Amino acid sequence: MNALFDLVVRNARVATASDCFDADIGIVGGRITQLGKQLPAGQREIDALGRVVTPGGVDAHCHLDEITSGPVRMADDFDTGSRAAACGGTTTMIPFAAQLRGHSLAEAVNAYRARAAHKAHVDYAFHLIVTDPTPDVLSHELPALIAEGFTSFKIYMTYDDMKLGDGQILDVLSVARQHGALAMLHAENADCIQWLTRRLLDAGQTAPRFHAQSRPMLVEREATHRAIALAELVDTPILIVHVSGREAIEQIRWARALGLKVFAETCPQYLFLTAEDLGLDDSYHGARCVCSPPPRDRANQEVVWNGLADGLFSVFSSDHAPFRMDGMQGKRPEGCEVSFDHIPNGIPGIETRMPLLYSEGVLKGRITLERFVELTATGPAKAYGLHPRKGTIAIGSDADLVIWQEGERVLRNADLHHNVDYTPYEGKTLHAWPALTLSRGEVIWDGQFHARPGHGQLLACGRPSLLPAAQARCP
Ligand code: URP
Ligand code: ZN
Ligand code: ZN
């Protein structure tokens, strides 16, 4: 007789964003078809006795194989990036198809599709990055891409080759409102950063640690407030990405208290690193932790933890931005130590995002297991229109699952699967790690990585469910 299920994950301690319960998980054709006790035998069985099983993670902010300028190249493409994701419990990734100024957005999406095809081991969707909102982009390309399932886009308020002015931001937010998309804002004041950078460089202060001084919290606070005001003017929800600490959080709380739909994301670097990791002296070692906004201090880490616990944040992402320390294409462009303003921004973290939050958040009692699931899977899936296919354990959802193993393990870059030659968390003790990852019912990680290039599919995103059901036309 044929088995009812392709696979049964038996005796699971199932964790969702709303509750935890004991169940067997029955899987057919890559989807969950039954949850219950003592399900009939499957063709294949995995015993999860005593183990927590969460939905596979949704990493809604990571950078893979993006076009970069000059000699700099990202170290991870869709192969190595999704390999690392899978081994760290992430089964859906949302990297960025970035428009180059003077080029079309549709062109960026097509090129990015080609770079991903046949490589990814886990499913993925794309955010767009809008750097050149021409009349054609605003009235044709963006609406067409939103209709095709690219329903979120990032707007930069800083970086010379990417930033938009306030008027351009209003234009893009208006399109988001009219067509039911979600805008993500990188909130830092570009002019203040430029002014501070000039002064630091003029004073000969070029080492990596001065990166943090060139982007103090004030520049993030001001831009966060401005982003909120611009969104209020257009009357559309926004999501502020990589929020680093107290002053930006205060702005978001203020907006929420007014009833504005302002959502927020934070990342591991704002919980586990401080500005001191950029260096206490002028050594170049700190280049590995150069990212924007920069990590702050311990007091700010606590404020971020509070925001994770009390629901301020909807999304916890890695902001994986893979640049190697060695070689010619990473943190030392052309092999040279450069001044802080020329160090490629970003740090790796796609594989460590979930185990770090589980270890330091759930197992140290800072957040509940349900909240962990919400932040790492359900929240991002909802925010970007992938729920309930992704981000939960429910009948009808994709069988993307992580079986967790508790126990001590020291984090070593040598054990990770990305193509970056360091982790900023080297030597940190983890207390939990994914023992097994399933992507649409297939085991892709069980202590060994089971490569499935091309198994990962490009997902069309629906309407972000943080948005109101229908939005009237722009004022
Ligand atoms: O420093 C960072 N975060 N680099 C990645 C690009 C971005 O702004 O997210
Ligand atoms: Zn950013
Ligand atoms: Zn980023």
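Residues numbered from 1 in each chain as written. Chains lettered and ligands numbered in written order. Predicted model: local features only at pLDDT ≥ 70, side-chain atom pairs only at ≥ 80, totals over all residues. Heavy atoms only, no water.

Notes on the overall build of the protein
Here is the rule: Each helix is a run of DSSP H or I of at least 4 residues and each strand a run of E of at least 2, with the numbering of both proceeding from the N terminus. As a reference, a globule follows 2.2 Å times the number of residues to the power 0.38, and the radius of gyration itself is taken over C-alpha atoms. Exposed residues in this analysis have more than 50% of their type's maximum accessible area, buried residues have under 20%, and partly exposed residues fall in between, with area computed by a 1.4 Å probe over protein chains only. Any pair of residues with heavy atoms lying within 4.5 Å of one another is described as a contacting pair. We get accessible surface area from the Shrake-Rupley algorithm with a probe of 1.4 Å; when it comes to residues, only the shown protein chains can shield them.
Counting secondary structure elements, the protein contains 12 helices and 18 strands. For 475 residues, the compact-globule estimate of 2.2 N^0.38 gives 23 Å, and the C-alpha radius of gyration of the protein, at 21 Å, lies within 12% of that figure. A principal-axis box enclosing the C-alpha atoms of the protein has dimensions of 75 × 55 × 40 Å. For the protein, buried positions account for 59% of its 475 residues. The long-range share in the protein, meaning contacts at least 24 apart out of those at least 6 apart in sequence, stands at 77%. Carbon together with sulfur atoms contributes 49% to the accessible area of the protein, which is approximately 17,500 Å² in total.

Some remarks on the site of ligand 1
Note the cut-off: One heavy atom within 4 Å of a molecule or strand makes the whole residue count as near it. Polar contacts, as used here, are pairs of N or O atoms within 3.5 Å; protein pairs need one atom able to donate a hydrogen and one able to accept it. Residues neighboring in sequence count only if both atoms are side-chain atoms. Throughout, the ten residues Ala, Val, Leu, Ile, Met, Phe, Trp, Tyr, Cys and Pro are labelled nonpolar, Asp, Glu, Lys and Arg are labelled charged, and all others, Gly among them, are labelled polar.
If you check the shell around ligand 1, you find 13 residues, and the closest are His63, Lys154, His186, Ser292 and Asp319. Contact between ligand 1 and Asn345: a nitrogen atom at 3.3 Å from a main-chain N or O atom of the residue. Within the backbone of Gly346, an N or O atom sits 3.4 Å from an oxygen atom of ligand 1. Against a free-state accessible area of 270 Å², the protein chains account for coverage of 95% of ligand 1. For the shell around ligand 1, a count of residues per class yields four nonpolar, seven polar and two charged.

Structural notes on the pattern of salt bridges
Here is the rule we go by: Salt bridges are identified by distance alone: a Lys or Arg side-chain nitrogen within 4 Å of an Asp or Glu carboxyl oxygen.
Using the criterion set out here, one finds 33 salt bridges in the structure. Where Asp398 meets Arg31, a salt bridge forms, and the shortest distance between an N and an O atom there is 3.4 Å. Note that Asp398 is positioned in the loop between α12 (369-383) and β16 (401-410) and Arg31 in strand β3 (residues 31-36), a separation of 367 residues in sequence. With a closest N to O distance of 2.9 Å, Arg246 and Glu250 form a salt bridge. Of the two residues, Arg246 and Glu250 both sit in helix α8 (residues 246-257), four residues apart, roughly one turn of that helix. You can call Glu250 partly exposed: its relative accessible area is 41%. One network of salt bridges, in which partners are shared, links Arg31, Asp123, Arg389, Lys390, Asp398, Asp400 and Arg440.

What to know about the coordination of the zinc ion (ligand 2)
The condition that has to hold: For Na, K and Ca the donor cutoff is 3.2 Å, while for all other metals N, O and S atoms count as donors only within 2.8 Å; water does not appear among the atoms, so some sites may look incomplete.
The protein atoms donating to the zinc ion (ligand 2) are Lys154 (NZ), His186 (ND1) and His242 (NE2), with metal-donor distances spanning 2.1 Å. In this structure the zinc ion (ligand 3) is found 4.0 Å away from the zinc ion (ligand 2). Of this pair, His186 sits in strand β12 (residues 182-186) while His242 sits in the loop between β13 (238-240) and α8, and the two are 56 residues apart along the sequence. Take His186 and His242: they sit in the same class, and that class is buried.

Comments concerning the coordination of the zinc ion (ligand 3)
In plain terms, the rule: Angle rules define the geometry names used: all angles between 85 and 135 degrees makes four donors tetrahedral, while opposite donors over 155 degrees apart and all other angles between 65 and 115 make four donors square planar and six octahedral, leaving every other case irregular.
For the zinc ion (ligand 3), the full set of protein donor atoms is His61 (NE2), His63 (NE2) and Asp319 (OD), and the range of their distances to it is 2.0 to 2.1 Å. Bound by four donor atoms, the zinc ion (ligand 3) shows angles of 90 to 122 degrees at the metal and therefore tetrahedral coordination geometry. Here the donor residues for the zinc ion (ligand 3) map to a single chain with the spacing H-x1-H-x255-D.

Some words on helix α3 (residues 135-148)
Using the following cut-off: By definition here, a helix of n residues has an expected span of 1.5 Å times n minus one. The angle between axes fitted to the seven residues ending at a residue and the seven residues starting there is what we call the bend at that residue.
Between its first and last C-alpha, α3 extends 19 Å over 14 residues, near the 20 Å set by a 1.5 Å rise per residue. Of all the bends found along α3, the most pronounced is centred on Glu141 and spans about 35 degrees, while Pro143, a proline, follows it within four residues. Where α3 is concerned, the buried positions are Val137, Leu138, Glu141, Leu142, Pro143, Leu145 and Ile146. For α3, the secondary structure elements touched by its buried residues are α2 (105-116), β10 (127-129), β11 (152-156) and α4 (166-179). Positive backbone phi, at 110 degrees, marks Gly149, one or two positions downstream of α3.

Concerning the sheet that holds strand β14 (residues 262-266)
Sheets are built from strands that pair by backbone hydrogen bonding, the pairs being arranged parallel or antiparallel. Inclusion rule: The pairing criterion is simple: DSSP has to find at least two bridges between the two strands. Angles run from 0 to 180 degrees between N-to-C directions of axes, and those axes are lines fitted to C-alpha atoms, restricted for helices to the stretch in contact.
In space, the seven strands of this open sheet follow the order β8-β10-β11-β12-β13-β14-β15, with parallel pairing throughout. For this open sheet the edge positions go to β8 (96-98) and β15 (315-316), each flanked by a neighbour on one side alone. Pairing geometry for β12 and β13, over three bridges, is parallel. Counterpart to Met184 in the pairing with β13 is Leu239. Packing against the sheet, α4 makes contact with β11, β12 and β13, and its axis sits at approximately 170 degrees to β11.

Regarding the packing of helix α11 (residues 353-362) against α12
Our working rule: Each angle gets one of four labels, with under 35 degrees taken as roughly parallel, over 145 as roughly antiparallel, 65 to 115 as roughly perpendicular, and the rest as oblique. For any pair of crossing helices, the crossing counts as left-handed if the nearer helix is rotated counterclockwise from the farther one by less than a right angle, and right-handed if it is rotated clockwise.
Running from N to C, α11 and α12 point in directions that differ by 155 degrees, and their axes come no closer than 10 Å. With respect to their mutual orientation, α11 and α12 come out roughly antiparallel. As for the relative orientation of α11 and α12, their crossing is right-handed in sense. Here Arg353, Met354, Leu357, Tyr358 and Val362 of α11 come into contact with α12, specifically with Leu369, Phe372, Leu375 and Thr376. When its residues are assigned to classes, the contact of α11 with α12 shows seven nonpolar, one polar and one charged.

A look at the pairing of strand β17 (residues 429-439)
Among the 11 residues of β17, nine are classified as buried, and the element is accordingly described as predominantly covered. Pairing of β16 with β17, which is carried by eight bridges, proceeds in the antiparallel orientation. The partner of Ile403 across the bridge, within β17, is Leu436. Linking β17 to strand β18 (residues 442-445), which pair antiparallel, is a turn of two residues; within it Arg440 sits at a positive phi near 45 degrees.

Observations concerning empty space enclosed by the protein
Stated precisely, the cut-off is as follows: A 1.4 Å probe that fits but cannot get out identifies a cavity on a 1 Å grid over protein atoms alone, an open set with protein on both sides within 12 Å along at least five of seven lines counts as a pocket, and a residue lines either if it has an atom within 4 Å of a point. Grid points are joined across faces, edges and corners, and a volume is the space filled by probe spheres set on the points. Residue ranges assigned to each domain were obtained from an automatic or database domain assignment.
Across all of its chains, the model carries one cavity of 30 Å³ or more by this definition. Every residue along the wall of the largest cavity is listed here: Ala84, His320, Pro348, Gly349, Ile350, Glu351, Thr352, Leu416, His418 and Thr423. For the lining of the largest cavity, the residue count by class is four nonpolar, five polar and one charged. Residue assignment places the lining of the largest cavity across two domains, with domain 1 (5-55 + 395-445) and domain 2 (57-383) each supplying three or more.

Things to note about the environment of Leu201
In this fold, Leu201 is placed in helix α5 (residues 190-202). Leu201 sits 197 residues away from Asp398 along the chain, and the two C-alpha atoms are 51 Å apart. Excluding residues within four positions of it along the chain, Leu201 makes contact with Thr206, Ser339, Phe340 and Asp341.

Function-wise, these values are silent; they only describe arrangement.
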